[in-house]
Structures are given as C-alpha cells and as structure tokens.
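The lines below spell out each chain.
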Amino acid sequence: MPIRSRRTDPRAAAALLLVAFGSGGALAHDPTLDPLPDAPGWRFGAAAAAVVPYSAERWPTAAWPGVSTTGLAPRDQTGGVRLEHATIEAAARIEQRLGARFAVGWHDRERAHVEAATLIGRLELDGGTLEARAGRDLVRMGDAIDRAGHYDRFSQTPLAKRAVIDDRWIDDGLVVGWTRDAEDGLRGVEGGLWRGRTFPAAAAGPLVPAVRIRFGWGDVDVQVAGAHLRPEGRGAAAQSAGTEGHAHGALDCRETLQQRVCFDGTSDILAGSVQWAPDDGPWTVTLAGMSRRERGTLYSTNAAAAVRTRVDGAWLDLAWRTRERWTLATRLERVVPDNRLEGTGTALLARESGLANGGPVSRATLAASYDVGAGFTVSAEVGEERFEGGQARFVALRAIWRGDRVLEGGW
C-alpha cells in the first residue's frame, strides 16, 4: 500500500516543475508543431490549465437534443477551481532521421491516459520532407482544428469538435505524409490507416483510412481532411443512465446491451479550415467546419431501427493582439443536427440515444488574455450557449502554464 508523505506540498511540486521545464512553453502540447528537438537529444514538456467557471446552469451543458456521441455527459465544472487539462510529455531525436514522442494527459477527477506513443521517421528529399509516424497519436484534422480545445484561448472545446468527434480523436495507426516549403499552392498531404478502436469508431470494425491535404497562399492556410469508418457495435450510454465522465473510446455492445444504445454502419468525417495569421499583424482570423454523416442500424434491448444522421458544425475565431501581451478574442459557433429513424420503436430509441427533439446549437464567447511571462497566461471569458429548449450563460477565469526543456547530446 503506497504511503503519501504528509510533508508533500503541491506548491513545492509546482515550483519543481517550473525549475525542471523552464519557461519556453511554445512547443508544449501543441500538436501542430514539431515535437522533436532540432538536434539529437531530448525535449521534455509539461502543460496545465486550471479554470474557475461560474454559471447558474450546469456547465458544460450535459447534452444537446439531437446530438449523440458516447452518451457520457462532461463533468459539471461549476463550484471551485478545476483542472481543465494537464500533460507531461517527452520527445527524443535519436538521430537526424529518427525520433519518438510519448505523452500522458488527464482531466479533472479522471484517470491519466496515454495521448501519444509515437515513433517518427523522416527523410529529406528534393523539394520536401517525407515523414512516417507509427503508434498512438492524434488523428489530424487540420492545424486550426487540432489546436482548438486544450490550452486554447477558450476554455470550451468548439461545439463542432465535441459533436463530431467527442472533443479529440486519439487512436493507434500508421501515417505517411509529405510536406514542402511553398509560398503558394500545395504545402503537404498525408494519409493514415488507423486501428479504429476509439470514438467515432468502435471496439470492433475494420481499419480506418484518413487523409489530410494542406494548401497555402502567403499568410492564408487552408486544410481539408476526411475519414471513412465502419463501426460495429459502437455503444453509447443511454440517456436514462445519466453517466458522467470523459472517454476517448466508446462502449462495446458485444459485452452487453444493458443501458446502451448501439450502432452498426458507416460513418464519414469531413473537416476543413481557413486561417489568416500574418506574422507581423495584430489580427488572426480562423474559420473551421466539421461534419459527421452516418447510416446504419441503431438498436438497444427495446427496439431497432434504420438510422441516418448528420451533424454539421462551424466556428469563426477573431483574435486581436492589442498590445505585446494582451489579446482579445471572440468565437461564434453553430451546430445543426439532422436525424432520421425508420422502424419499430423509433420514438423510444430516439429518447434513449438523445436524438429526439433535436435543433441547432449556438455559442458566442468573448475572452481577454494576458501573457504574464515564464510560460503563464491568464484570461477571463464570458459567453452564452443556446440549444433546443434551453440556454446557459457562463463566465470563467483561467490560468495556463506551459514549459519545455531541451537536453541536447548524441546517443
């Protein structure tokens, strides 16, 4: 039985992290940047975000009518300081063409989970770089989409990401990509083959192909991505179960159908983003959209029906760096579900799955952030969410810290 020392001080532990990782937090837990050090050696990183939200209603919203994912409601964050997310990671460049990355993360009141365990190989070619990644990693949907969420300017993951892929899609697979430095035109393309054992896939089903293409024209970056899934027995907690928590996976209907709504069929994910972010300008403009279209059979212990669902969402981010350390930002979002069930007991299935009485969901958020230095950023935000049959207003204070430490040296 492990024994915790009574002398352990969380403030001392935080101070040790600051000393160990330093203050250069630009790379920490940013999936769009190169995790490997420039030369053979190690890079260690850590990041943490804490939030103090207030809302007269439950926050985040437990469920939106017409939008169904894993059936798990996010934990209510109101009522004190909450750990929004934390990450510890390590990356090593073994030699110039080979490296590896490992990352562990956790949410408030949740167990730690492996976010990345990836082997990375690179080969420099005339006009570009060929890269292969194998292992657990984020299924990339585009830089603007991948950044939105953890350690973002806003405390809440965009509505579209939560509705389409349940916040983040982490899976095991193999990815091969090619990138080139180009002012205009094609800047990169990558294709992946994923094991398909986490939502929006299932514990059973064939491998999942995915592709991402990147274009650019000066300061404008455009990325499109897509994936085709064929989940078998993908389970979601029945709405009557009222289960809270966070999971990157889905329930397995091969184990039991009790308190579950299950899906067999096809699922197509589409995503796209356009971002204008000049290096020497104060403005950043981002427009992103995501869509999930499914067709198959929805069933539970009570009924079964043919189902066709579609959820489309988009968001617009405007960020203005007013001074060297201050940034004002706003995010406008909207998600629209469309569900059709045919068969016996469709009304009961719709209620159990949360697909009944669906309608548009919208959110508007305004945030002001200040770069304190030493890897710290503090911010305040206010927003309002509207959905079929209700609304939620919220305010939040946040603190984010990111740190990196590079240790160079040959192997």
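Report on the accompanying structure. Please read these numbers as outputs of a predicted model, since none were measured by experiment.

On to the overall build of the chain. Along the chain, the regular secondary structure elements total 4 helices and 18 strands. In summary, the chain has a C-alpha radius of gyration of 22 Å against a globular reference of 22 Å for 411 residues, a match within 12%. Looking at the chain as a whole, 46% of its 411 residues are labelled buried. The long-range fraction of contacts in the chain, counting pairs at least 24 apart against all pairs at least 6 apart in sequence, stands at 66%. Within the structure as shown, the chain displays about 19700 Å² of accessible surface, and the carbon and sulfur contribution to it stands at 56%. Charge separation in the chain, taken as the distance between the mean sites of 50 positive and 52 negative side-chain charges, equals 4 Å.

Our next topic: helix α4 (residues 346–353). Given 3.6 residues to a turn, an α-helix orients residues that are three or four positions apart in the same direction. What α4 keeps buried is the set Leu349, Ala350, Glu352 and Ser353. One face of α4 carries all of its buried residues, which in axial projection span an arc of 165°. The elements touched by buried residues of α4 are β10 (234–237), β12 (260–276), β13 (283–299), β14 (304–320) and β15 (326–344). Following α4 by one or two positions, Gly354 has its phi on the positive side, about 80°.

Take the state of the cysteines next. Such a bond, covalent and formed between the sulfur atoms of two cysteines, is termed a disulfide. Enumeration according to the criterion identifies 1 disulfide in this entry. Disulfide pairing places Cys253 opposite Cys262 at an S-S distance of 1.9 Å. A torsion of -90° about the S-S bond marks the disulfide between Cys253 and Cys262 as left-handed. On the accessibility criterion, Cys262 (0% relative accessible area) is buried.

A separate point is the pattern of salt bridges. One pass over the full model with this rule turns up 31 salt bridges. When the shortest N-O distance is used, the salt bridge between Arg97 and Glu95 registers 3.8 Å. Among the salt bridges present, the one from Arg122 reaches Glu131, with a minimum N-O distance of 2.6 Å. Overall, the relative accessible area of 17% leaves Arg122 in the buried class. For Glu131, a relative accessible area of 19% gives the class buried.

Our next topic: the environment of Thr322. Note that Thr322 resides in the loop between β14 and β15. On the basis of relative accessible area, Thr322 is assigned to the partly exposed category, the value being 32%. Taking the C-alpha atoms as reference points, Thr322 and Glu408, 86 residues apart in sequence, are found 37 Å from one another.

Take the pairing of strand β8 (residues 208–217) next. Bridge analysis of strand β7 (residues 184–194) against β8 gives 10 bridges, and the strand direction is antiparallel. Paired with Gly185 across the bridge in β8 is Gly216. With 8 bridges joining them, β8 and strand β9 (residues 220–229) adopt antiparallel strand pairing. In the sheet register, Gly216 faces β9, and the bridge partner there is Asp221.

A cluster of nonpolar side chains, namely Leu123, Leu125, Leu130, Leu174 and Val176, defines an oily patch on the protein surface of about 390 Å² accessible area. Checked against the element boundaries, Leu125 lands in strand β4 (residues 113–125).

What follows deals with the nonpolar core. By size, the foremost hydrophobic cluster in this structure holds 29 residues, and its most contacted members are Met141, Trp169, Met290 and Val335. Broken down by secondary-structure element, the contributors of at least two residues to this core are α3 (159–165), β8, β9, β12, β13 and β14. The residues touching Met141, leaving out its near neighbours within four places in the chain, are Asp146, Trp169, Arg212, Ala225, Ile269, Ala271 and Met290. Judged by nonpolar contacts, the second largest core, of 9 residues, contains Val261, Phe263, Leu349 and Leu355.

A word on a negative patch on the surface. Side chains of Glu183, Asp184, Asp219, Asp279 and Asp280 sit close together on the surface and give a patch of like negative charge. Counting through the fold element by element, Glu183 comes out in the loop between β6 (170–179) and β7.

What counts and what doesn't
In this numbering scheme, every chain counts its residues from 1 along its sequence in written order. Totals for whole chains, interfaces and linings use every residue, but because this is a predicted model, local features are given only for residues with pLDDT of at least 70 and side-chain atom pairs only at 80 or more, for both listing and counting. Neither water nor hydrogens contribute to the side-chain values; these are computed over all heavy atoms in the structure. Secondary structure follows DSSP: runs of H or I at least 4 residues long count as helices, runs of E at least 2 residues long count as strands, and numbering of each begins at the N terminus. In this treatment the radius of gyration is a C-alpha quantity, and the globule benchmark scales as 2.2 Å times the residue count to the 0.38 power. Exposure categories follow from relative accessible area, calculated using a 1.4 Å probe and restricted to protein chains: below 20% of the type maximum is buried, above 50% is exposed, and the middle band is partly exposed. Throughout, a residue-residue contact means that at least one pair of heavy atoms, one from each residue, lies within 4.5 Å. Under the convention used here, a 1.4 Å probe and the Shrake-Rupley method define accessible areas, while residue burial counts only the protein chains that appear. Counted charges follow a simple rule, with Lys and Arg positive, Asp and Glu negative, and His plus the chain ends left uncounted. Charged side chains are reduced to one point each, which is NZ for Lys, CZ for Arg, CG for Asp and CD for Glu. This arc is built from the directions going out from the helix axis to the C-beta atoms. Here, two cysteine sulfur atoms that lie within 2.5 Å of each other are counted as a disulfide. What counts as a salt bridge is simple: a side-chain nitrogen of Lys or Arg found within 4 Å of a carboxyl oxygen of Asp or Glu. Here, a strand pair is defined by DSSP locating no fewer than two bridges between the strands. Two joining distances apply to patches: 9 Å for like charges and 5 Å for nonpolar side chains (Val, Leu, Ile, Met, Phe, Trp, Tyr), and every residue must have over 30% relative accessible area and no salt bridge. Nonpolar cores were defined as sets of buried Ala, Val, Leu, Ile, Met, Phe, Trp, Tyr and Cys residues, with membership established by side-chain atoms within 4.5 Å.

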